[in-house]
Amino acid sequence: MQSPDPIVPVFPADKAPGPVRVIAVASGKGGVGKTSVSVNLATALVNAGQRTLLLDTDLGLANVDVMLGLAPRHTLADVFADRCELRDTIIETPSGLLVVPAASGKRHMTELSPAQHVGLVHAFSQLDLDLDAMVVDNAAGIADGVLTFCQAAQDVIVVVCDEPASVTDAYALIKVLSRDRGVSRVQVLANQVQDPAEGRQLFEKLQRVSARFLDVTLNYLGAIPRDEWLRRAVQRQEAVVDAFPSAPSSVAFRDIARRSRQWQSPPGARGHVEFFLERLVSAPSAAAARGAAA
């Protein structure tokens, strides 16, 4: 278990913080490999030169720290208990990934109020971290916290696998995000597939029913193959993209990271709860100022 004492990168005094690309990873059903997707996507972004933070918001059954072999001194449970500040929870892994761990086995953390979920989102605006991206690993299902953290991100990835319950629950999550939280675009990632055709078929199942009943755009992000090397990386408590870079799943994760970097950047704040809101508000003004100076 690693228990690092990182030097967290902050902005120099003469540099204004820019917008942070926030990607929420979610699933309707548990057990589809959502946390593995979050860990490997975040690590692949770091390896591609993106300063990235991985936030674990599975508040009652957190396992990002376990998957990465970390031994956190503080977690989000300590933040809500006023035992530390949010910054005090941040761990930096040897690869340079920043991690904010949640707690496991803390039932009260699953009973936080909607206002507390929003408060956590707003707390990130107080962090002057030098970041390009943040990946949010959500709990499975449609609890209030999941919906709030997805709504507060610029992009949502819904992970689905080839099980009827996974597809049905993914549709239920997308429906609630669209109808109750105004999420209009969702990236669909097929996980643990036998071949690319299986991943495409899973996406088409979701797309057909969503196009019929929902006002939401689904994009196919790709598929992660079922891979023995990924299982070995989990046992080693490492990201597969670091442990076995040439593994089929590693290649797929790097492709997913490349695609995510090509998504259109948010033009500014959208008028509701958002991570790093102040940076989104200030970004258009800073861009306008640079244009006027030119």
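Going by the structure above, here's the rest.
Residues numbered from 1 in each chain as written. Predicted model: local features only at pLDDT ≥ 70, side-chain atom pairs only at ≥ 80, totals over all residues. Heavy atoms only, no water.

Visitor: Honestly, the packing of aromatic side chains in this entry has me stumped. Any pointers?
Guide: In this description, an aromatic ring pair is defined by two values, namely the gap between the centres and the angle between the planes. The tally for this structure, following the rule as stated, stands at five aromatic pairs. The interplanar angle of 80° and the centroid separation of 5.5 Å between the aromatic rings of Phe-124 and Phe-275 together place this pair among those described as edge-to-face. With Phe-124 in the loop between helix H4 (114-123) and strand S5 (133-138) and Phe-275 in the loop between helix H10 (248-261) and helix H11 (277-293), this residue pair connects regions lying 151 residues apart in the sequence. Taking the relative accessible area as the measure of exposure, Phe-124 reaches 0% and is therefore buried. Overall, the relative accessible area of 0% leaves Phe-275 in the buried class. (Phe/Tyr/Trp six-rings, centres within 6.5 Å; stacked < 30°, edge-to-face > 60°. Helix = DSSP H or I, 4+ residues; strand = E, 2+ residues; numbered from the N terminus. Buried < 20%, exposed > 50% of the residue type's maximum accessible area, 1.4 Å probe, protein only.)

Visitor: Which parts of the structure should I look at to understand the sheet that holds strand S6 (residues 155-160)?
Guide: Within a sheet, each strand pairs with its neighbour through backbone hydrogen bonds, oriented either parallel or antiparallel. Strand order in the open sheet made by the eight strands is S3-S4-S2-S5-S1-S6-S7-S8, with mixed pairing throughout. In this open sheet, the two edge strands, each paired with only one partner strand, are strand S3 (91-92) and strand S8 (217-225). Sheet topology note: the S3/strand S4 (residues 98-100) ladder contains two bridges and is antiparallel. Following the sheet pairing, Ile-91 is matched in S4 by Val-99. In this fold helix H1 (residues 34-47) packs onto strand S1 (21-26), strand S2 (52-57), S5, S6 and strand S7 (185-193), with an angle of close to 170° to the strand it touches most, S5. Its contacts with the sheet place H10 against S1, S7 and S8, and it is angled at close to 155° to S8. (Pairing = 2+ DSSP bridges. Contact = heavy atoms within 4.5 Å. Axes fitted to C-alpha atoms, helices over the stretch in contact; angles between N-to-C directions.)

Visitor: Which parts of the structure should I look at to understand the packing of H1 against H10?
Guide: Two packed helices can be described by the angle between their axes and the distance between those axes. The geometry of H1 relative to H10 is characterised by a closest axis approach of 9 Å and an angle of 70° between their N-to-C directions. Our classification of the angle between H1 and H10 gives roughly perpendicular. Classified by chirality, the crossing of H10 by H1 is right-handed. Residues Ser-36, Val-37, Asn-40, Leu-41, Ala-44 and Leu-45 of H1 pack against Phe-253, Arg-254, Ile-256, Ala-257, Ser-260 and Arg-261 of H10. Residues that form the contact of H1 with H10 fall into these classes: seven nonpolar, three polar and two charged. (Parallel < 35°, antiparallel > 145°, perpendicular 65-115°, else oblique. Left-handed = near helix turned anticlockwise from the far one by under 90°. Nonpolar A, V, L, I, M, F, W, Y, C, P; charged D, E, K, R; others polar.)

Visitor: I would appreciate a short explanation of the environment of Leu-120 in the present structure.
Guide: Looking at where Leu-120 falls in the secondary structure, it is placed in helix H4. Classification of Leu-120 as buried rests on a relative accessible area of 4%. Sequence separation between Leu-120 and Phe-149 is 29 residues, and the spatial gap between their C-alpha atoms is 9.2 Å. Non-local contacts of Leu-120, meaning those with residues more than four positions away in its chain, are made with Leu-76, Phe-80 and Phe-149.

Visitor: Help me understand the nonpolar core, please; the structure alone is not making it clear to me.
Guide: Among soluble globular proteins, nonpolar side chains are generally buried collectively. Counting residues in each nonpolar core, the largest one holds 60 residues, and the members touching the most others are Leu-53, Leu-55, Leu-76, Phe-124, Met-134, Leu-206 and Phe-275. By residue number, the principal contributor to this core is helix H6 (residues 164-181), which donates seven residues. Judged by nonpolar contacts, the second largest core, of 39 residues, contains Ile-23, Leu-45, Leu-97 and Trp-263. (Core = buried A, V, L, I, M, F, W, Y, C linked by side-chain atoms within 4.5 Å.)

Geometric descriptors of this kind do not, in isolation, establish any biological role.
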